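# Structural features, examined
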Amino acid sequence: MPKSPDQKLKILYLLKLFSEETDEQHTVKMTDIIKYLSSNGISAERKSIYSDLEALDLMGYEIINRREAPAGYYLASREFELAELRLLVDAVQSSKFITGKKSMQLIGKIEKLTSRHEGRKLQVQVYVANRVKADNEEILYNIDHIHEAIAGSFKIKFKYGEWTVGRKLVPRNGGAEYIVDPIMLMWYDENYYLVAYDGKADMIKHFRVDKMLSAEVSSDKRCKSVIMRDFDPAEYARKHFGMFSGEEKTVSVRFPKELVGVVIDRFGKNVTIKASGDFFTARLNVKVSDQFFAWIAGLRGRAVIEGPEEVKESYIGFVEDLRRSVMPDAR
């Protein structure tokens with residue numbers, strides 16, 4: 001009897017069967033394997049299948065023949081454990097910068113990294129439709145362009161969007177194009193940011209990647225290699241509350257001792273602290289902004305700004321503005 005033209009695909013069909021249908025709790029018997037191959041137009045004997053399983057084992061696919069229930073063959077070695085895949089699914093779900101449509105596509109691909117049965121367990125935690133997600137479908141391409149620009153030491157150009165009251169993302173500044181030197185991508189507070197050097201302003205800025213439009217790699221080489229080499233992403237994130245910009249200053253703030261953990265969690269263990277009785281004073285290097293003041297206000301009087309004087313005055317103005325927001329006639 002002549003062999004089927006698909007006979008040479010036998011080992012690939014075996015790998016597909018074990019990858020998609022088997023795991024530690026779901027096995028296949030030899031009769032199931034022969035039946036599966038036959039349904040795909042491939043005739044096989046036990047002896048040839050044993051040889052194929054040995055070949056797969058040599059290639060790193062560990063297929064175990066378990067004697068106890070559930071008895072049978074299954075693929076024991078996979079690139080990812082189920083717990084690791086759950087972490088990946090949760091990361092995709094919680095990422096606001098990935099659109100709902102793209103999230104479902106990515107999760108579907110993650111499910112294929114395990115068996116069909118284990119994949120169903122990943123579906124249990126999919127609630128993407130009810131989460132706040134980006135609408136910009138360009139984002140994955142933007143990320144790819146940014147990585148390409150960084151790897152090739154090129155500038156990147158794009159238009160930057162802003163939301164209208166009609167809930168549409170439109171280019172700001174009349175559609176003006178931004179051309180910057182990309183330093184790195186930063187994932188902060190569920191958003192992706194491009195941190196870059198703006199040569200026109202002679203400063204480092206950050207841009208929400210989901211607000212970038214029509215991004216592409218420029219043919220111009222990026223510059224300011226010294227700034228990029230000395231850039232500290234952790235320090236940058238600590239200074240920018242909520243990634244909002246402001247004038248950088250060293251601010252002295254007094255806290256009660258029970259808040260030392262709050263300060264270290266926010267600014268790290270290298271923050272300068274001077275203890276005095278039941279209090280301590282911390283010297284904080286921050287970008288002074290409304291978001292920094294909101295963090296201070298959120299501690300409900302337990303944090304006291306001691307200096308510099310202009311920061312104290314700005315904070316008083318911030319608090320007065322808050323007061324007027326609930327008492328419009330307050331003077």
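This section reports on the structure supplied with the text. All of these numbers come straight from a predicted model, not from anything done at the bench. (Residues numbered from 1 in each chain as written. Predicted model: local features only at pLDDT ≥ 70, side-chain atom pairs only at ≥ 80, totals over all residues. Heavy atoms only, no water.)

For the protein chain, the helix and strand inventory stands at 12 helices and 12 strands. Here the protein chain holds 331 residues, and 37% of them are scored as buried. Taking contacts inside the protein chain between residues at least 6 apart in sequence as the whole, the part at least 24 apart equals 64%. As displayed, the protein chain offers around 19,800 Å² of accessible surface, 52% of which is attributable to carbon and sulfur atoms. (Helix = DSSP H or I, 4+ residues; strand = E, 2+ residues; numbered from the N terminus. Buried < 20%, exposed > 50% of the residue type's maximum accessible area, 1.4 Å probe, protein only. Contact = heavy atoms within 4.5 Å. Areas by Shrake-Rupley, 256 points an atom, 1.4 Å probe, with all protein chains shown as cover.)

Moving on, we come to the sheet that holds strand β9 (residues 247-256). One open sheet accounts for four strands, arranged β10-β11-β9-β12; its pairing is antiparallel. Looking at strand neighbours, the two that pair on one side only are β10 (272-276) and β12 (304-307), the edges of this open sheet. Each strand axis lies, on average, 35° off the axis of its neighbour in the sheet, ignoring direction. The sheet contact formed by β10 and strand β11 (residues 279-288) spans five bridges and is antiparallel. In the strand pairing of β11, lysine 274 is matched with threonine 281. Sitting on the sheet, helix α10 (residues 260-267) is in contact with β9, β10 and β11, with an inclination near 30° to β11. Helix α11 (residues 290-297) contacts β9, β11 and β12 of the sheet and is inclined by roughly 155° relative to β11. (Pairing = 2+ DSSP bridges. Axes fitted to C-alpha atoms, helices over the stretch in contact; angles between N-to-C directions.)

In this section: helix α7 (residues 139-152). Over its 14 residues, α7 extends 20 Å from the first C-alpha to the last, a length consistent with the 20 Å expected when each residue adds 1.5 Å. The complete set of buried residues in α7 reads Ile139, Asn142, Ile143, Ile146 and Ala149. All buried residues of α7 lie within an arc of 125° about the axis, which places them on one face of the element. Exposed and facing more than 90 degrees away from the buried side of α7 are Tyr141 and Ala151. (Expected span 1.5 Å × (residues − 1). Arc of directions from axis to C-beta.)

The next subject is the pairing of β11. In this sheet, β11 lies alongside β9 in antiparallel orientation, the contact comprising 10 bridges. Looking at β11, one finds that valine 251 is bridged to leucine 284. Hairpin connection of β10 to β11: two residues between the antiparallel strands, including glycine 277 at a positive phi of 65°.

By size, the foremost hydrophobic cluster in this structure holds 26 residues, and its most contacted members are Phe158, Leu194, Phe207, Val209 and Met212. At the level of elements, α4 (82-94), α5 (100-111), α7, β3 (154-163), β5 (177-188), β6 (191-198) and β8 (212-221) are the ones that each hand at least two residues to this core. With 22 residues, the next largest nonpolar core counts Phe255, Phe293, Leu299 and Phe318 among its residues. (Core = buried A, V, L, I, M, F, W, Y, C linked by side-chain atoms within 4.5 Å.)

Okay, the packing of aromatic side chains next. As enumerated under the stated definition, the model contains 14 aromatic pairs in all. Both rings, one in tyrosine 160 and one in phenylalanine 207, keep their centres 5.3 Å apart while their planes meet at 80°; by these two values the pair is edge-to-face. Note that tyrosine 160 is positioned in strand β3 and phenylalanine 207 in strand β7 (residues 203-208), a separation of 47 residues in sequence. Note on phenylalanine 207: relative accessible area 4%, which makes it buried. Ring-pair connections join several aromatic residues into one group, and the members of that group are Phe158, Tyr160, Tyr178 and Phe207. It is arginine 254 that lies over the ring of phenylalanine 279; its NZ or CZ is 4.9 Å from the centre. (Phe/Tyr/Trp six-rings, centres within 6.5 Å; stacked < 30°, edge-to-face > 60°. Lys NZ or Arg CZ within 6 Å of the ring centre and 35° of its normal.)

Here the focus is the pattern of salt bridges. Throughout the structure, instances matching the rule amount to 13 salt bridges. For the salt bridge of aspartate 198 with lysine 205, the shortest nitrogen-to-oxygen distance reads 2.9 Å. Aspartate 198 sits in the buried class, given a relative accessible area of 9%. Among the salt bridges present, the one from arginine 208 reaches aspartate 210, with a minimum N-O distance of 2.8 Å. The exposure class assigned to aspartate 210 is buried, which follows from its relative accessible area of 8%. (Salt bridge = Lys/Arg side-chain N within 4 Å of Asp/Glu carboxyl O.)

For the rest of this paragraph, the subject is the side chain of serine 218. Checked against the element boundaries, serine 218 lands in strand β8. The buried category is assigned to serine 218, whose relative accessible area is 7%.

Let us look at a nonpolar patch on the surface. There is a patch of nonpolar side chains on the surface, built from Phe80, Leu88 and Leu113 and spanning about 220 Å² of accessible area. Looking at the element boundaries, leucine 113 is found in the loop between α5 and α6 (116-123). Judged by relative accessible area, leucine 113 falls into the partly exposed class, the value being 36%. (Patch = residues over 30% accessible without salt bridge, like charges linked within 9 Å, V, L, I, M, F, W, Y side chains within 5 Å.)

Function-wise, these values are silent; they only describe arrangement.
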